[in-house]
Every structure is written in structure tokens, then in C-alpha cells.
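What the coordinates show
Here is how the chains run, residue by residue.
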Amino acid sequence: AATMVALLFTQTINAQEAKEPVKIKRSDLGNGIYMLEGAGGNVGVSVGDDGVFIIDDQFDYMAESILSNIKEISDQPLKYVFNTHWHGDHVGGNEHMHKSGGTIVAHDNVRSRLEKGATGHRVVPPAHPDALPTITFSEEMSLHINGHHIKVIYVPNAHTDGDAMVYFTDLNILHTGDTMLTGKYPFIDVDSGGSALGYIANLKRVLAMINTDTQVMPGHGSLGGKADVQSLYDMLIEIKTSISNMIAEGKSDKEIIAKLTFPQWKDMEWFLGSAEKTVTRLLAEMR
């Protein structure tokens, strides 16, 4: 099943890289902050006197569309690009953004995974040198751009082993990368060091960090808030508790996977996330 998921992931990424750019939807969060939805991960944008700072850059074929969309709100040059993790639907535009003047920033593990590429389930060629982050960090870092105080927080082993969240502390705006999705089951990339239990632990940390006024830019899905984080956390806790109970009853993995289908969340399933994938992944970590 994991091989099939990875194969689907590769095929989708490859197919999308060959596509025409899609229309970008731009949401204004106030104070020069925007969220762009296109193909791939959501892009966070900060514009101001220091220039343009973006969080993630989708696929390579989307780069020109993203830059021209930003030109509609600012004539300042691109200065910084932050990668929330290493997946191609979030960093595919890196080389283009670098050539457009952007300095790429990411966690240490993002650079090392992009440098090496991947073999096995999902074959990813090593990235072009221009696509690599030139500034990396290990635990957390602060950025001071366009008058905002931005805290960058490393998330150990959740969606991958190189996830980072970007928190505009003065504006109470958080970009979570794929450590939070709205309206979708999470995808745990085990080949990239991801962990379902780590994913849940981080959602708990986010809930303690934000409040009901926080605007949450998820990796995928529409703009959200604390209620969306809470509902995803509650869902995963309910799944985890159900698994614990069935393990205690002596049920086999096969029985547990067959029984726990959670039809109430059927509409949150997508090609990378489902009840079955989530139950299977949690079982593997809980046994």
C-alpha cells in the first residue's frame, strides 16, 4: 500500500510539473500579508519596504504566475523564500525564485534531502544547486522583515523530518506548512522521516501557542483558524484512542484496519490521506 501511495504521489507530481499554470486565488490577511492558492502548497506572502518575503513556492511551472500575482500588490523585489519542507509541491519553484533574487531559507534537513534526492518508493532527482536553501537552521530562528517579528519553529518528525512553521507573532498569523491541512486527512511521509504520533504532538503544541484570533495558513486547504486545528487534532485523537482500545482487546492489525473506517470523515479523504492510511500508520507506531 505504501508503494502504491508513493507511486501515486510521484505520478501526480510528475503530471503536475508538466501542466499549465492554474489560476491563483489570493486572500488578503491584512498588514501586507497574503495567502496564494494555486497548484501545490499554499504560498504565504509578506510585502513591505524591505521587499517581498514568501513562504513556499509550489511547482516550477507556477513560479511566473506567483511572481506576477505578487507584482499586482507590490513593486518591491523578491528578497526571501522560506521552504516549510522539501516536497516538490512546496519547493518546485526554488530555482526560479533564486534567479529572481530570492534567498532561500529552510531547515537543515530540507537542504540535505534536496541535495541527495530520494530513491526507493519515490524517486526524486537531486535538486539543482540554485534550488538549494543557502541559509539553514536546526531548532528555531527569528526573521525581521517588513516590520514584522517572525518566529520560525522546527517541528521534529511530523509530516517529514524537516518541517517548519512560520509565525508572524506581532500579527498572530501562522503558516504551518503540511503539519496542518484544512478539510483533509494528513499525509505522513515515512520515507522522509515523518511520524503520525509526532504530527499529533505538534498539533497539541500549536493549540497551546495560538488563540481564537490566529489566522492559520495550512499547507493545503482554505485559510483556517484555531477551530480547524482543534478539529483535526480531535479527529486524530479519536482515531488513536479507537486503535488503543482495539489493541487492548487483542485485535489484529488486519481486524483493526477493516473495522476502523470513520465514515463521518469520508469527505476529508484525498489521494494522499485517508482513514485507512492514518489507521495503518498509527498502528505501525503504536505497536
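Structure: above.
A brief report on the enclosed structure follows. (Residues numbered from 1 in each chain as written. Predicted model: local features only at pLDDT ≥ 70, side-chain atom pairs only at ≥ 80, totals over all residues. Heavy atoms only, no water.)

Overview of unusual backbone geometry
With the exception of glycine, most residues fall at negative phi, and the peptide bonds are largely trans. Note the threshold: Every helix listed is a DSSP run of H or I at least four residues long, and every strand listed is a run of E at least two residues long, numbered separately from the N terminus.
Even without glycine at this site, Asn 157 takes up a positive phi of about 45 degrees. Relative to the assigned elements, Asn 157 resides in the loop between β9 (148-155) and β10 (163-168). Phi is positive for Asn 172, close to 60 degrees, though the residue is something other than glycine. In this fold, Asn 172 is placed in the loop between β10 and β11 (173-177).

Notes on the pairing of strand β4 (residues 51-55)
Rule in force here: With a 1.4 Å probe rolled over the protein chains alone, any residue whose accessible area is under 20% of its type maximum counts as buried; one over 50% counts as exposed, and the rest are partly exposed. Two strands qualify as a pair provided that DSSP identifies no fewer than 2 bridges between them.
Burial analysis of β4 places 5 of its 5 residues in the buried class, which makes it a mostly covered element. Pairing of strand β3 (residues 43-48) with β4 involves 5 bridges; the strand directions are antiparallel. Bridging from a neighbouring strand, Ser 46 pairs with Phe 53 of β4. Hairpin geometry of β3 and β4 is characterised by an intervening segment of 2 residues between the two adjacent antiparallel strands.

Here we look at the sheet that holds β3
The strands making up a sheet are joined through hydrogen bonds of the backbone, oriented either antiparallel or parallel. Keep this limit in mind: Interaxial angles span 0 to 180 degrees and are taken between N-to-C directions of axes, which are lines fitted to C-alpha atoms, for helices over the stretch in contact. Note on contacts: a residue pair qualifies if any of its non-hydrogen atoms lie within 4.5 Å across the two residues.
Taken in spatial order, the 7 strands make up an open sheet running β1-β2-β3-β4-β5-β6-β7, and their pairing is mixed. Both outer strands of the open sheet, β1 (25-30) and β7 (135-137), are each paired with one neighbouring strand and no more. Pairs of neighbouring strands in the sheet enclose a mean axial angle of 20 degrees, with direction left out of account. The strands touched by helix α5 (residues 108-116) within the sheet are β6 (103-107) and β7, with β6 carrying the most contacts at an inclination of about 105 degrees.

Observations concerning the packing of aromatic side chains
Quick note on the threshold: Pairing of aromatic side chains here covers Phe, Tyr and the six-membered ring of Trp, requires ring centres within 6.5 Å, and sorts the geometry by plane angle: under 30 degrees stacked, over 60 edge-to-face, intermediate tilted.
Enumeration over the complete set of coordinates arrives at 5 aromatic pairs. Between Phe 53 and Phe 168 the ring centres are 6.4 Å apart and the planes differ by 55 degrees, which places this aromatic pair in the tilted class. One end of the pair, Phe 53, is in strand β4; the other, Phe 168, is in strand β10, and 115 residues separate them in sequence. Accessibility assignment for this pair places Phe 53 and Phe 168 in one class, buried. Plain terms: the ring middles of Phe 82 and Phe 137 are 6.3 Å apart, the flat faces sit at 35 degrees to each other, and that makes the pair tilted. Placement of the pair is Phe 82 in strand β5 (residues 78-82) and Phe 137 in strand β7, with a sequence separation of 55 residues. When sorted by exposure, Phe 82 lands in the same class as Phe 137, which is buried.

So, the nonpolar core
The following threshold applies: For the purposes of this section, nonpolar cores are sets of buried Ala, Val, Leu, Ile, Met, Phe, Trp, Tyr and Cys residues that join through side-chain atoms within 4.5 Å.
Residues Tyr 185 and Ile 239 are the most contacted members of the largest nonpolar core, which totals 38 residues. Mapped onto this core, the elements with two or more residues apiece are β9, β10, α6 (196-209), α7 (226-248) and α9 (275-286). Ranked by residue count, the leading element in this core is α7, at 8 residues.

Considering the side chain of Thr 179
To be explicit about the condition: We call two N or O atoms a polar contact when they sit within 3.5 Å, provided that within protein one can donate a hydrogen and the other can accept it, with sequence-adjacent residues counted only if both atoms are side-chain atoms.
If you trace the backbone, Thr 179 turns up in the loop between β11 and α6. A distance of 2.7 Å separates the side chain of Thr 179 from the backbone oxygen of Thr 176, its partner in a polar contact. Setting aside its immediate chain neighbours within four residues, Thr 179 contacts Val 155, Ala 158, Asp 163, Met 165, Tyr 199, Asn 202 and Leu 203.

Focus: the pattern of salt bridges
The condition that has to hold: Salt bridges, as used here, are contacts in which a Lys or Arg side-chain nitrogen is within 4 Å of a carboxyl oxygen on Asp or Glu.
Summed over all chains, the structure comprises 10 salt bridges. For Arg 122, the salt bridge is made with Asp 189, and the minimal N-O distance between the two is 2.4 Å. Of this pair, Arg 122 sits in the loop between α5 and β7 while Asp 189 sits in the loop between β11 and α6, and the two are 67 residues apart along the sequence. Look at Arg 122 and you get buried, because its relative accessible area is 10%. Given the relative accessible area of 4%, Asp 189 is considered buried. Residue Arg 287 is joined to Asp 253 by a salt bridge in which the shortest nitrogen-to-oxygen separation is 2.7 Å.

A word on the packing of α7 against α9
Here is the rule we go by: Each angle is binned into one of four classes, with values under 35 degrees roughly parallel, values over 145 roughly antiparallel, values of 65 to 115 roughly perpendicular, and all other values oblique. Left-handed is the label given to a crossing in which the near helix is rotated counterclockwise from the far helix by less than a right angle, and right-handed is the label when the rotation is clockwise. Only Asp, Glu, Lys and Arg are considered charged in this grouping, and only Ala, Val, Leu, Ile, Met, Phe, Trp, Tyr, Cys and Pro are considered nonpolar; every other residue, Gly among them, is considered polar.
α9 packs onto α7 with a crossing angle of 55 degrees between their chain directions and a minimal axis gap of 10 Å. Between α7 and α9, the interaxial angle falls into the category oblique. Where α7 crosses over α9, the two elements pack in a sense that is right-handed. Every residue of α9 that contacts α7 at Leu 236, Ile 239, Lys 240, Ile 243, Ser 244 and Ile 247 is listed here: Thr 278, Val 279, Leu 282, Leu 283 and Met 286. Looking at the contact of α7 with α9 residue by residue, the classes come out as 8 nonpolar, 2 polar and 1 charged.

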